[in-house]
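# Overview (structure and organization)
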Amino acid sequence: MAQPPKANTYFYGQGTLAKAFGISSAFMALFTVWMILDDFGREWKGYQREFFVLKKQKTEKLIEEAKGQVDPAALKASEEKVKAAEANFQSKSKDESRVRDELTKITTQLKLATGKYQDEKAFFDVDKYHYEAEFGHEAVMGHLKAGDPKEKAAHEKLMKRWNKVLELRDKAGLLSQQQNAKKAELDNFYAEKLNADKEVKALRATLDRLETAKSAAELTISKLLRSAPIVDMANPT
């Protein structure tokens, strides 16, 4: 026997609800797209693009003026100096590597020697404190009591440790001098090239600054991507 259809217990028709939801979703999507395009198409965006173009044109004009102020002969001579300095540096690369290795070795030795000196000085300070506590400060200065073998032996031991401190201090000082000498020797390898580079930079200072400004004014892919919808909201240009 056929079952009678179940009665509709909903307060609304499911088909009608699906249609209403679909229509409202379409309106919401259109509204969202319109909102994004409206935000992206703000008036000042056009002014910004015009500004980049004008800034680039102005900078290019200034670059041409700056090129006219640079002495080509002086610039060429400085660039030749740079090339000669680079070639000279390459010819001395083995010596530079040797000096750098020697500097590393001396620096390591200096750290070890300084640590030993500081440790020995700390031990001496402790022994000196105990010595003064037992025999007095004047005894440290060499004013010993006559006929006191214990004090004499303690003083000799203390002075022996002090001489060790002085020996380690002098060793660390000598290594420090050697380190400074190696640093100066290493700097000499770069001095010629650095001076030549400074000459070129001094001649091209204004020109390089303007070329950097021109690059900053160009509409690059990065700037265009940052101005894209949605991305522009998170990272405005």
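In this text, all values refer to a predicted model and were calculated from it rather than measured experimentally.

What counts, and where the lines are drawn
Residues numbered from 1 in each chain as written. Predicted model: local features only at pLDDT ≥ 70, side-chain atom pairs only at ≥ 80, totals over all residues. Heavy atoms only, no water. Helix = DSSP H or I, 4+ residues; strand = E, 2+ residues; numbered from the N terminus. Buried < 20%, exposed > 50% of the residue type's maximum accessible area, 1.4 Å probe, protein only. Contact = heavy atoms within 4.5 Å. Areas by Shrake-Rupley, 256 points an atom, 1.4 Å probe, with all protein chains shown as cover. Phe/Tyr/Trp six-rings, centres within 6.5 Å; stacked < 30°, edge-to-face > 60°. pLDDT = per-residue confidence, 0-100. Polar contact = N/O pair within 3.5 Å; in protein donor to acceptor, adjacent residues only side chain to side chain. Salt bridge = Lys/Arg side-chain N within 4 Å of Asp/Glu carboxyl O. Expected span 1.5 Å × (residues − 1).

### A closer look at the overall build of the protein
Of regular secondary structure, the protein possesses 8 helices and 0 strands. What you see in the protein, going N to C, is helices and strands ordered as α-α-α-α-α-α-α-α. Across the 237 residues in the protein, those meeting the buried criterion constitute 19%. Considering only intrachain contacts with a sequence separation of at least 6, the fraction spanning at least 24 residues in the protein is 76%. For the protein, the accessible surface area stands at approximately 17,900 Å², while carbon and sulfur atoms represent 60% of it.

### Considering the packing of aromatic side chains
Following the criterion strictly, the structure yields 3 aromatic pairs and no others. Centroid distance Tyr-131 to Phe-135: 4.9 Å. Interplanar angle 45°. Geometry classified as tilted. With Tyr-131 and Phe-135 both in helix H4 (residues 93-135) and 4 residues apart, the pair spans about one turn of that helix. When sorted by exposure, Tyr-131 lands in the same class as Phe-135, which is buried.

### So, the confidence of the model for the protein
On average, residues of the protein score 80 in pLDDT, and 82% of them reach the 70 mark or higher. Mean pLDDT values over the elements of the protein span from 63, in helix H8 (residues 231-234), up to 92, in H4.

### Describing the side chain of Glu-120
Structurally, Glu-120 is set in helix H4. Polar side-chain contacts of Glu-120 include one of 2.9 Å to the side chain of Arg-161. Apart from residues no more than four positions distant in its own chain, Glu-120 is found in contact with Arg-161, Lys-164, Val-165 and Leu-168.

### A few points about the environment of Lys-61
Within the element layout of this structure, Lys-61 appears in helix H2 (residues 43-69). On the basis of relative accessibility, which here comes to 56%, the residue Lys-61 falls in the exposed class. Residues Lys-61 and Leu-210, 149 residues apart in the sequence, show an inter-C-alpha distance of 9.8 Å.

### Things to note about the pattern of salt bridges
Going through the model one piece at a time under the given rule, you end up with 9 salt bridges. The salt bridge involving Arg-100 is made with Glu-96; its shortest N-O contact spans 2.9 Å. Taken as a pair, Arg-100 and Glu-96 lie in helix H4 at a separation of 4 residues, close to a single helical turn. Using a relative accessible area of 36% as the deciding quantity, one classes Arg-100 as partly exposed. Between Lys-121 and Asp-125 there is a salt bridge, with the nearest N and O atoms lying 3.0 Å from each other. Of this pair, Lys-121 and Asp-125 both sit in helix H4, separated by 4 residues, roughly a single helical turn. For Lys-121, a relative accessible area of 26% corresponds to the partly exposed category. For Asp-125, a relative accessible area of 34% corresponds to the partly exposed category. Several salt bridges share partner residues, and in doing so they unite Arg-98, Glu-102, Lys-182 and Glu-185 into one network.

### Here we look at H2
Each α-helix winds once per 3.6 residues, and so residues spaced three or four apart point in a common direction. Here H2 spans 40 Å end to end across 27 residues, near enough to the 39 Å set by a 1.5 Å rise per residue. For H2, every residue scored as buried is listed here: Lys-45, Gln-48, Phe-52, Thr-59, Ile-63 and Ala-66.

### Here's the deal with the environment of Lys-198
Examined against the element boundaries, Lys-198 turns out to sit in helix H6 (residues 149-217). The class for Lys-198 is exposed, based on a relative accessible area of 57%. Note: C-alpha distance between Lys-198 and Val-82 (116 residues apart in sequence) is 9.5 Å.

### Some details on the side chain of Glu-96
The exposure class of Glu-96 is buried, given its relative accessible area of 10%. Residue contacts for Glu-96: discarding those within four places in its chain leaves Phe-89, Leu-186, Phe-189 and Tyr-190.

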